[in-house]
Every structure is written in structure tokens, then in C-alpha cells.
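Listed below are the residues making up each chain.
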Amino acid sequence: MNLTRRSLLASSGALALAGCVRGGGFGLPQIGAAGADGPSTEPEFTPQPNSDFDAWIQAFRPRARAAGISEDALNRGLRGVGVLPGVIERDRNQTEFRRSTEDYLALVAGEDDIAVGRGRFSNNRSVLNDIEGVYGVPPEITAAVWGVESRFGTRLGDIPVISAVATLAWEGRRGAFFEAQLVSALKIIQNGDTTPEQMLGSWAGAMGHTQFIPTTYEEYAVDFRGDGRRDIWSNDPTDALASTANYFSRFGWRRGEPWGMEVQLPSGFSAATGRDNTRSVSAWRDLGVRRAGGGTIPDHGSAAIHAPGGAGAPAWILYRNFNVILRYNNSTNYGIGVGYMSDRLAGSGPLRQSFGADDSGLTQAQRRELQELLNAAGYDAGTPDGVIGSGTEAAIEAYQRASGLPVDGEPSLELLRRLR
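In short, a report on the structure.

What counts and how
- Residues numbered from 1 in each chain as written.
- Predicted model: local features only at pLDDT ≥ 70, side-chain atom pairs only at ≥ 80, totals over all residues.
- Heavy atoms only, no water.
- Helix = DSSP H or I, 4+ residues; strand = E, 2+ residues; numbered from the N terminus.
- Buried < 20%, exposed > 50% of the residue type's maximum accessible area, 1.4 Å probe, protein only.
- Pairing = 2+ DSSP bridges.
- Salt bridge = Lys/Arg side-chain N within 4 Å of Asp/Glu carboxyl O.
- Phe/Tyr/Trp six-rings, centres within 6.5 Å; stacked < 30°, edge-to-face > 60°.
- Lys NZ or Arg CZ within 6 Å of the ring centre and 35° of its normal.

## With respect to unusual backbone geometry
- Backbone geometry at Phe152 places phi at a positive 60°, although glycine is not the residue there.
- Assignment of secondary structure puts Phe152 in the loop between helix 9 (139–150) and strand 1 (159–160).
- Positive phi values are uncommon outside glycine, yet Gln211 reaches one of about 55°.
- Taking relative accessible area as the criterion, Gln211 reaches 0% and is therefore assigned buried.

## Remarks on the pairing of strand 7 (residues 315–318)
- Residues Ala315 and Ile317 point to one face of strand 7 and Trp316 and Leu318 to the other, with burial holding for every one of them.
- Relative to strand 7, strand 3 (residues 260–264) is paired through four bridges, and the arrangement is antiparallel. Among the inter-strand pairings, Met261 is bridged to a residue of strand 7, identified as Ile317.
- In terms of strand pairing, strand 6 (residues 303–306) meets strand 7 through three bridges, oriented antiparallel.

## Some thoughts on the pattern of salt bridges
- Tallying each qualifying case throughout the model produces 19 salt bridges.
- The partner of Glu71 in a salt bridge is Arg65, and the shortest N-O contact between them spans 2.7 Å.
- We classify Glu71 as partly exposed; its relative accessible area is 36%.
- Relative accessible area serves as the criterion here: at 39%, Arg65 is assigned to the partly exposed category.
- In this structure, Arg99 and Asp103 form a salt bridge, with 3.3 Å as the shortest nitrogen-oxygen distance.
- Ionic contacts of the salt-bridge type, sharing partners, join the residues Arg99, Glu102, Asp103, Asp358 and Arg367 into one network.

## Concerning the packing of aromatic side chains
- One pass over the structure, following the stated rule, counts 18 aromatic pairs.
- Geometrically, the ring pair formed by Tyr135 and Phe224 is tilted, given 6.5 Å between the ring centres and 40° between the ring planes. Of this pair, Tyr135 sits in helix 8 (residues 125–135) while Phe224 sits in the loop between helix 12 (214–220) and helix 13 (238–250), and the two are 89 residues apart along the sequence.
- A residue is classified by how much of its surface remains accessible, and Phe224, at 23% relative accessible area, is partly exposed.
- Both rings, one in Trp146 and one in Phe152, keep their centres 5.6 Å apart while their planes meet at 75°; by these two values the pair is edge-to-face.
- Among the aromatic residues, ring-to-ring pairing joins Phe212, Tyr220, Tyr247, Phe248, Phe251, Trp253 and Tyr328 into one connected group.
- Here the guanidinium or amino end of Arg63 rests over the ring plane of Trp56, the centre of that ring lying 5.7 Å away.
- In this structure, Arg279 is placed above the aromatic ring of Trp284, and the distance from its NZ or CZ to the ring centre is 5.2 Å.

Have a look at this one:
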């Protein structure tokens, strides 16, 4: 089995890791604290002694030696290792959360994210251009992955990776997979790319600016600076960005071709959509599909249409390079998030079409206003992003309870009017 980043996501049922970072309050696992400069101090993510785990580590050592890990690397890598109870809890309580495309874009590519991203993109444009020269991946695509995965390096994760993957290997639900991650993590230590103390990341072992798991790091990480280390953890994101571009290049990114673009569907459009329903561009044109804002869609080979809201709502034509993005995370929303972020980093404006009201009867702007009004009234709905999660629902319940209303936690136009 080729244990890549994609197989981790497929095996865990996780959404895009950036969605995990940004998804506090929605039941999605969070990667760790933003801007953390050391390991987590939360008790559930601090190594705990456990005699059964210690016995497992002793039994693991011969297997690690057989895999080429030196005694020195074993001793350094496993020093202080212990069970992380929070990792087990998150692994056992994952739920398949399905966010709408609209909500997903609000979480990973909102206007605040784009503002941060444009600054980071500008500051790193020179090295991104150099990376494109080697791997053929446009600077805005590489930077967009950086943004979606770690909000441009502001949320790298603060959980000790070796303890995290050792905990999951010992726990056993996906033992073979995470033992492979543990061996690879120890090889990274052995090769001198980083230290155990600096190897921090997510609860499931994803690391660095663009969130590579250890086996993916082993195969695809590059030393772009030529300093003898493949450093994806430091404040300098160069090696992480180059590693991501190398990953895309190895999976067949086509130079000079787009990932996709927003399109407008004609009224009454009824053709099958979805990334598995591909047609020639000429066939889509014949069905009346046009570029959003007008114009003919360019021909870059067979393509699919993603239209989560049907005609009249945002829709995209997806070319072959979109499938390369999906090798990073096999989620259509993830691919749209990276593509949309890349367009915004390159200077494009917001979506030309609106998603309209959701099942509650509120548009995203109205949902955002609802959150702002709840916050102003003293009910913590979190960051106003227009995405209704458990935090907003709890704030609504608290307001309803205090106001003598039926308590259901549901957003509505009536509630919005009361708060205005």
C-alpha cells in the first residue's frame, strides 16, 4: 500500500485538514493553536505514562530496527513519548461532517483569510516563482494549499507528532497505518531534518505549513534551499511550498492549464453534474454553459461541472488539474476551496453568483449579521462567518432561554428581526 497523504484522509474519513483547523465548534478536529511556539500544554495532548503502551513501545523497537532505524534515532525519537488521550478521543469520535460548498468556502477562504493570504503571497512571490520554474505549478496554487492547510502558516499545530502517531499505532484501530507513520517520523529524526521537540503537528500526525504526514514527507518533501534539511516546520515556508509543488508535479500537474473556473448555467439546465460526469468542453458549450460574467469557456480537454446549487447559483467547470488537487485531499469542496483561494490570490474578485438563502431562509450575509448581533447582545456566537455551527447554535439557545422563547437553537428570519 502506498501510504500517502491521500490514504490518511480516505482512511480516517476526514475533511480537508484546513477545515479541521478552522472548524472549531462544528465537531471537526482542530489541528492546534494558532501561532504556537511549543508543544500543547493541554493535559489531553501531553504524553501520559501507560504500562501497556510502554510494553508496546518495547515490542515496536525491533520492528523499527528492522526498518532501518538506528538505536540513536530510536532513543532520541522515543524519549518522553507517551499516550495522548486527546488523540484517542478524537480518532474514536470522528463524524462524517458534510459542509455545503458555501460554508466550506466561508471557513477556509473568507475575506479575512484572503487578506492574510495576499500579504503572505506577495512576501513569498519570488520563491514561489522559483518553485514554479522547477515544478510547473503556479504560485497561486501552491500558496492556496498553504492557505487552506494552515492559514498561511498561522496554524501549524502544536501536538507532538511522534507521541500522536505512536498513540494511534498502539491503540490499534488503524495500527498498521500509524505504525508506518511512526517509522517514517523516526526516519525524519534520523536524517536530521528536524528534532522530536520541533516535530509538532495535528492529532493525526500532519505536519508543517502544508500538513504532510510522515510517509508523504518521506516520499515528496524536498530541500529547495539546499541546506541539507527538508524543513517544513520553521518560519520559512520555502521547503514546505516546494514540497507541495513537487507532490502536484509528481501526480501529473499540467503546466499552463487551469484547475477550473466559475461558470454560469443556463436556465433549465438539467445535465448530470459532478466530478465523475465529464464531457467535452464543446458539449458543455452546446448545453449553454458560459463563463461567469460572460464569455466562452476555454477548451482544456474533457471537464466536469460542479453545481451544488443548480442553475443560478455558483458553479464551476473542473479540468484535469482539479483531479491533481484532489490527490492532496479527495474532497470536492477541498478542491474548490484551493481553486477559489488561488483565483483570489491571483487578483480575481469574489464569486459572481450567489448561493441564496439556505434551509433556514437566511442568506450567508444574514447569517453573518445574526452572529454579529448575538455577539453584541452578549451571546458568544464566535467569529461571524455566516456558518452556523454548534457555537452559534448554543448562543441562539442561550438567547432564546433568556428571552422566554422556545429553545431549539435554530436560526431564522424571525430571530434575526428580534435581534435587530
